[in-house]
Amino acid sequence: MTIDAVYLLQLTLNGIALGLLYALIAVGLSLIFGVMEIINFAHGELLMLGAFAMCFALPVMGLLYWPAMATAIVATMLAGFVIYEGLLVRLKPDEFERSILITLGLSIIIIHVMQYLFTATPRMVDSQYGFDGVEIGAIRITWTRVIGAAAAVAAFAGLYLVLRYTQFGRAMRAIAQNRDAALMVGIRPRVVARNAVILAAGLCGLAGAAISPIQLVTPYMGQFLIFKAFALVIIGGLGNIPGAVVAAIGLGLVESWIGGFFEIAWQEAAVFVIMIAVLFLRPDGLFKRGGMRVG
Amino acid sequence: MTALLSVSDLRKAYSGVHALDSVSFEVAAGSITGLIGPNGSGKSTAIDCISGFQKLDGGKVVLAGTDITGKPAHLIARAGLMRTFQTVRIYERLSLRDNLAIAAQQFDQATWIDEFFRTRRYRDAVEQSEQRAAELVDLIGLRKYYEIETGILSYGQKKLVALAAALMPHPRIVVLDEPVAGVNPSRIREIEVALQQLNRAGETFLIVEHNVEFITNLCHQVIVLEQGRKLTEGTAAAIHTDARVLEAYLGMTPEMAEAEMRGAA
Amino acid sequence: MKLLLALLGALAFAALPLVTSSNYIIGVGISALIFTVAAAALNLVYGFTGLLSFAQLGFWGIGGYATTLTVMTFGGNFWLGVVYAALLNAALALVIGYPILRTNRHAFVISTLTFALLVALIARDWVTLTRGPLGIPNIPRPQAFGFAFETTPSFYWVAWAFSVATIGFLYALCSSRIGRTLIAIKQNEPLVRAQGISPMPYKLASFAIGAAITGAAGGVFAFHLRVIDPGFLDFYYMQTFLIIVIIGGAGSFWGVIAAGIALSALPEALRFSADFRMIIYGVILVAAMFVMPTGVAGWLRERKIARMRQALQ
Ligand SMILES: Nc1ncnc2c1ncn2[C@@H]1O[C@H](COP(=O)(O)OP(=O)(O)O)[C@@H](O)[C@H]1O
Ligand SMILES: [Mg+2]
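Given the structure is predicted, the values throughout are model-derived calculations rather than measurements.

Caption draft 1: Summary view of the environment of V137 of chain B. Residues and elements named next belong to chain B. Position of V137 relative to the elements: it lies in helix 5 (residues 120-140). Note on V137: relative accessible area 0%, which makes it buried. With 32 residues separating them in the primary sequence, V137 and P169 have C-alpha atoms 14 Å apart. Ignoring any residue separated from it by four or fewer positions in sequence, one finds V137 in contact with L96, L100, L142, R143 and Y146.

Have a look at this one:
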């Protein structure tokens, strides 16, 4: 088979778009891990809630993309707030296993309540952009993908600025780097952790909203994505945000390329195979965790 | 006396900060050696590097003629170096009996096959371990807690459990990180006597401790660390009057000052 | 005393087919026995050794498929299939366990989860071996010495013998020095190392034994269902094992056994709606983690300790 350059480029662009969406999820997980040393198993369900919010908001808003997306983000941030104040706040920093079991229970509850309320039937989401796309030469990409990718890039830029230049961002990095020292200089871990969870939930909401016009929306859509995101934060080094972004975009590319040339099964398995290989070679992930670096 | 433990040119930095900067010292066989210094001077780091709990950046550690530099912790323990930790480590959800039994189990010859068939070897090993445990439990005065989960004990009592566990397998050398910090003062004197007794029976100790009286009463030789360097060493009496040591201790923390007051009183 | 009770319980359980002729109830009994074994294996790995392993689901599935394929594709019999399933899982657990046990405990949990998902993907996508989503139906019931365990009550004895044997083995293991060492590793790994014990071989052994038993249990369960498809790797099974361990009390041997028997009946009792059942599972899990994080057994134990503490003052 000769490799068609246009086809390859198309796959590459799709891969980057996909990778950016993975990165939105993985960065949220990494953020929460950095601040609280816990893994949020229900993170995928936040994404699913974001997608459902988009799905319900769009018709109400006359299919306008941006207001619906904003609604979805606010809705998931609210969900993040409730989850933090209701459950996560009771966890101590070293209760990793407990955090998993609690958020696993939460994830089961959210999935099945959604399924109970809205059935498992997949939903198609239509927006103002429909299935229109841009065409550059022989390459065609739908607007929803382009906008989703652009929104993700904007979100990362915003996140970078927040972590780097705001009081809250500095507090978050301080806690991730040295918890005890941060407590001594008067940083309140509860407030920081709550904000981190809300921020992570917002990123997830954005991802869910951006995905919904591209993929079918079902109560289960978060589950498989979240497992990939778990693998990504491991590959990138737990708590390492840039590491997670790099790993996520890398995975998007690899999956897209594999999907273009091999059987679909390999595409799904790639992330897990890569993760096991990385762990074998570098037990702490590709980019070792050195507190929460932002650049 | 020959050196049982010999440490030379030990170096260790935590992200640029020199916790240990070319520290060398020896622990004579059959001695009680003290390792003192202000908080943060690198005492615990030295113990961690010697016992295999921290990777060292450079230097050499020799135990009874064998190079143990950089070996994994469990192999160093098997080579005969038992240690305790500054923040007490015991199995809080196991009984005192189990705590002591586990401490000795790697050092007997009984395998799981012996255990399954309850062979003579297994029964002997258990009996010996029980005997030793009984001695040590009397030593630390916790006989009535023998069958009880150690989690309910006070902090000082837990330190004593850790001490007893380290003594269980008759190691060549016992390294204690602040063994009597937080222990009831009325018991400290008894521990002193007990350690002296064990020492006379041939046990070698390396002790990190802030309680100056404790160190003075016990140690044959004292090594003083300051900011990761060896400041001086000598007999307890000599150290006590050394100007540099006093100076190093002037920048001491309140708890240390208090310890010294207690020592002087 | 506990042992005597357990023996009586086992005998009472053996009598189930004699007191009811309902295949449905006996079927629930079979599930209860097998789930209890899988939960006890998870208890060994998580409750005793402290390794929160989601790989159990993968081992369960591999066991189910390995046993089925031994009979359906490779012409072996059920008994051999169960043995192969156990051996295959043990070998696999050693191979994947070594790298992932070297990482930190966070990465361990996620790697095991990933392994389980990978197995599910393989079951779905390796169509030439597993027939993919179609599954493998019409699995025959086992035979021994010319006797076919054809009916549900007769297969019940097979499941009963299997669980009594494996639970007996696990009990011997957990109450031995090895079991004690596993608990020690869970409670304070640095101390274990300071006492001359290398944690790695113990963790690996625990992981591999847990895998072997879970796999064997999966094999028996596939022959109870008489059909296997990728649904065999549904996350539901993992959740069930976990809930049994959490409610029974991670690290309490008999607590988990009792919870296994009691809670396996629960999904059947709550049969009204699959979604509702899962919601209740989730609520139980979250509530248990807050109200009794150490399970029923842990709760009883804590009360005992509180009494002791009072007596000492
Ligand atoms: N794990 C660690 N990471 C970074 N710095 C450390 C660590 N442990 C100790 N240090 C630093 O090394 C120095 C020596 O510490 P330590 O050995 O604990 O002193 P001591 O036991 O004498 O009080 C201190 O400055 C301490 O802050
Ligand atoms: Mg110290």
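Caption draft 2: Spotlight on the arrangement of the chains. Counting contacts across all two pairs of chains that touch, the top-ranked interface belongs to chains A and C. The two units chain A and chain B remain apart, with a minimum C-alpha distance of 11 Å.

Caption draft 3: Looking closely at the coordination of the magnesium ion (ligand 2). Residue and element names in this part refer to chain B. Summarising the metal site, the magnesium ion (ligand 2) is bound by the protein donors S44 (OG) and Q86 (OE1), whose distances to it range over 2.1 Å. Of this pair, S44 sits in helix 1 (residues 43-50) while Q86 is found in the loop between strand 6 (81-83) and helix 3 (96-105), placing the two residues 42 residues apart along the sequence. With relative accessibility at 22%, the residue S44 sits in the partly exposed group. Given a relative accessible area of 34%, Q86 falls into the partly exposed group.

Caption draft 4: Local environment of the sheet that holds strand 5 (residues 66-67) of chain B. Residue and element names in this part refer to chain B. Here four strands make up an open sheet; going across it, the order is 2-1-4-5 and the pairing antiparallel. Each of the sheet's edge strands pairs with one partner strand only, and the pair in question is strand 2 (17-28) and strand 5. Direction of pairing for strand 1 (residues 3-14) relative to strand 4 (residues 58-63): antiparallel, over a ladder of five bridges. Paired with R11 across the two strands is G58, which belongs to strand 4. Taken strand by strand, helix 1 contacts strand 1, strand 2 and strand 4, and its axis lies near 115° from that of strand 1.

Caption draft 5: Broad picture of the domain arrangement of chain C. All names here are of chain C. Domain annotation for chain C reports domain 1 (2-269) and domain 2 (276-313). For domain 1 and domain 2, the distance between their C-alpha centroids amounts to 24 Å. If you look at the interface, domain 1 gives 14 residues, while domain 2 gives 11 residues. Both sides of the domain 1 and domain 2 interface together cover about 1,100 Å² of buried area, and 75% of this is carbon and sulfur. Three residues stand out in domain 1 for area buried against domain 2, namely I243, I246 and I247, and they jointly supply 47% of the buried area on that side. Where domain 1 meets domain 2, there are zero salt bridges. Secondary structure elements with two or more residues in the side of domain 1 that touches domain 2: helix 12 (235-248) and helix 13 (253-269).

Caption draft 6: Spatial organisation of the interface of chain A and chain C. Contacts between chain A and chain C engage 36 residues on the former and 36 residues on the latter. Across the interface of chain A and chain C, roughly 3,600 Å² is buried in total on both sides, 79% from carbon and sulfur atoms. Summed over the three residues of chain A that lose the most area to chain C, namely E97, L101 and I108 of chain A, the buried surface amounts to 17% of that side. At the boundary of chain A with chain C, the tally comes to one salt bridge.

Caption draft 7: Quick look at the confidence of the model for chain C. Looking at chain C, pLDDT values average 88 and 97% of them are 70 or higher. Prediction confidence for the complex, expressed as pTM and ipTM, is 0.87 and 0.88 respectively.

Caption draft 8: Local environment of the site of ligand 1. All names here are of chain B. The environment of ligand 1 is made up of Y14, A19, P38, N39, G40, S41, G42, K43, S44, T45 and Q86. Within the backbone of G40, one N or O atom sits 2.7 Å away from an oxygen atom of ligand 1. Between ligand 1 and G42, the relevant distance is 3.0 Å, taken from an oxygen atom to a main-chain nitrogen or oxygen of the residue. In terms of residue count, the dominant contributor to the shell around ligand 1 is helix 1 (three residues). Class assignment of the residues belonging to the shell around ligand 1 gives a composition of three nonpolar, seven polar and one charged.

Calculation rules
Residues numbered from 1 in each chain as written. Chains lettered and ligands numbered in written order. Predicted model: local features only at pLDDT ≥ 70, side-chain atom pairs only at ≥ 80, totals over all residues. Heavy atoms only, no water. Helix = DSSP H or I, 4+ residues; strand = E, 2+ residues; numbered from the N terminus. Buried < 20%, exposed > 50% of the residue type's maximum accessible area, 1.4 Å probe, protein only. Contact = heavy atoms within 4.5 Å. Donors = N, O, S within 2.8 Å, 3.2 Å for Na, K, Ca; no water. Pairing = 2+ DSSP bridges. Axes fitted to C-alpha atoms, helices over the stretch in contact; angles between N-to-C directions. Domains from an automatic or database assignment. Buried area = accessible area lost by both parts, 1.4 Å probe. Salt bridge = Lys/Arg side-chain N within 4 Å of Asp/Glu carboxyl O. pLDDT = per-residue confidence, 0-100. Near = heavy atom within 4 Å. Polar contact = N/O pair within 3.5 Å; in protein donor to acceptor, adjacent residues only side chain to side chain. Nonpolar A, V, L, I, M, F, W, Y, C, P; charged D, E, K, R; others polar.

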